[in-house]
Amino acid sequence: MPDWLQVILLGVIEGITEFLPISSTGHLLLAEKWIGERPEHFTIFIQSGAVLAVLAVFRERVVELMEKWREKEPQDYLKKLGFSFVLTGLGGLALKKMGWELPNESTPIAWALLIGGGMFVAFELYHRKKTTKTETKKTIPDITWTIAIAFGVAQLIAMVFPGASRSGTTILIGLILGMDRREAVEFSFLLGVPTLLAAGGYELASALKEDAAAVQAEWQMLLLGTLVSSVTAFLAVKWLLGYLQKNSFMVFGWYRIGIGIAVLTLGGRIAAG
């Protein structure tokens, strides 16, 4: 398969799955079994393209936070966003030093997809039953420090277990803590901006330090993958926000369960491939 086609396919997969709660890392690791592997820094760096999509979709919210950062509410929001990011960054560096690496096997990916999917389905079933008994639902009105800590920890869980999904774990913990869907999605996605940029920059810097010539030789493929992931992520995020206006995360839970079962069933073939 030509390099450019492989990069486009990986960019499309990254863009679609990065912010949908179905695990971009899990899908990319599995996809590479069939269409060929690329260096780890490539997979992580093209996530930066998805960041551009978030900034474009939430541009009004981003501008509001930047213009009104001296006011109490936006300042409080930014403080907790920053705390979650710092917690993830420090925790991630600690995990790196302890030797934690993403297991590049199909079985742990499948179980992470299954467990996460089951939790989404269980939450939505519980939430549906609960809301039928009450006319209004009680949600937390703002981002608490508990939520900020939980989101940082959720991102660390996603770093350790491919298939858990960064957006999936953060959104799920937000829902469990009482946030409404739009609020949980917004905080998760905005938190992903510095997180993904930092991860991409760190991996690229590490790769340049190890073999600068190899990285420089593929800069065109890095740009292509980033561009493709940016466009597809923009479309995916816009679709998700529209979908959630009248729907829940139930379909994503069942999708994760379905693909998790498929990966377990085909695990031997994937590993052999």
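Side note on the packing of helix H1 (residues 3–17) against helix H2 (residues 24–35)
Interaxial distance between H1 and H2 falls to 9 Å at its minimum, and their mutual angle equals 160°. In this view, H1 runs roughly antiparallel relative to H2, as classed from their interaxial angle. Pair H1 / H2 crosses with right-handed handedness. Where H1 approaches H2, its residues Gln-6, Leu-9, Leu-10, Ile-13, Glu-14 and Thr-17 are matched on the opposing element by Ser-24, His-27, Leu-28, Ala-31, Glu-32 and Ile-35. Broken down by class, the residue content of the contact of H1 with H2 amounts to 6 nonpolar, 4 polar and 2 charged.

Describing the confidence of the model for the protein
Averaged over every residue, the pLDDT of the protein is 88; the share at 70 or more is 92%. Mean pLDDT across the elements of the protein bottoms out in helix H13 (residues 267–272) (51) and peaks in helix H9 (residues 166–176) (96). Residue range residues 134–140 is modelled with pLDDT below 50. Its contacts to residues more than four positions away, or to other chains, number 11 contacts.

A word on the nonpolar core
Counting 37 residues, the largest nonpolar core has Phe-58, Ile-171, Phe-189, Leu-190 and Phe-249 as its most contacted members. Of all elements in the fold, only helix H4 (47–57), helix H5 (59–67), helix H6 (72–97), helix H7 (106–133), helix H8 (145–160), H9, helix H10 (181–217) and helix H11 (219–243) reach the threshold of two or more residues within this core. If one sorts the elements of this core by residue count, H10 sits on top with 8 residues. If we skip the residues at most four places from it in the chain, Phe-189 touches Phe-19, Val-54, Phe-58, Arg-166, Ser-167, Ile-171, Val-237 and Leu-240. Within the second largest apolar cluster, 13 residues are counted, among which are Val-7, Ile-35, Phe-45 and Val-215.

Here's the deal with the environment of Ser-48
Mapped onto the secondary structure, Ser-48 falls in helix H4. Sequence spacing of Ser-48 and Gly-200 is 152 residues, and the spatial spacing of their C-alpha atoms is 6.5 Å. Excluding its chain neighbours within four sequence positions, the residues that come into contact with Ser-48 are Leu-196, Leu-197, Gly-200 and Thr-226.

Describing a nonpolar patch on the surface
On the surface, Phe-83, Trp-145, Ile-149, Val-153, Ile-157 and Phe-161 cluster together into a nonpolar patch covering about 550 Å² of accessible area. The element best represented in the nonpolar patch is H8, accounting for 4 residues. Relative accessible area serves as the criterion here: at 43%, Trp-145 is assigned to the partly exposed category.

Focus: the pattern of salt bridges
Here the structure, examined in full by the defined rule, presents 7 salt bridges. Residues Asp-3 and Arg-38 are paired through a salt bridge, measuring 3.7 Å at the closest nitrogen-oxygen approach. Of the two residues, Asp-3 sits in helix H1 while Arg-38 sits in the loop between H2 and helix H3 (40–45), which places them 35 residues apart along the sequence. Note that Glu-203 and Lys-96 form a salt bridge whose closest N and O atoms lie 3.2 Å from each other. With Glu-203 in helix H10 and Lys-96 in helix H6, this pair connects stretches of sequence that are 107 residues apart. Residues participating in the shared-partner salt-bridge network are Asp-3, Arg-38 and Glu-218.

Criteria and cut-off values
Residues numbered from 1 in each chain as written. Predicted model: local features only at pLDDT ≥ 70, side-chain atom pairs only at ≥ 80, totals over all residues. Heavy atoms only, no water. Axes fitted to C-alpha atoms, helices over the stretch in contact; angles between N-to-C directions. Helix = DSSP H or I, 4+ residues; strand = E, 2+ residues; numbered from the N terminus. Parallel < 35°, antiparallel > 145°, perpendicular 65-115°, else oblique. Left-handed = near helix turned anticlockwise from the far one by under 90°. Contact = heavy atoms within 4.5 Å. Nonpolar A, V, L, I, M, F, W, Y, C, P; charged D, E, K, R; others polar. pLDDT = per-residue confidence, 0-100. Core = buried A, V, L, I, M, F, W, Y, C linked by side-chain atoms within 4.5 Å. Buried < 20%, exposed > 50% of the residue type's maximum accessible area, 1.4 Å probe, protein only. Patch = residues over 30% accessible without salt bridge, like charges linked within 9 Å, V, L, I, M, F, W, Y side chains within 5 Å. Areas by Shrake-Rupley, 256 points an atom, 1.4 Å probe, with all protein chains shown as cover. Salt bridge = Lys/Arg side-chain N within 4 Å of Asp/Glu carboxyl O.

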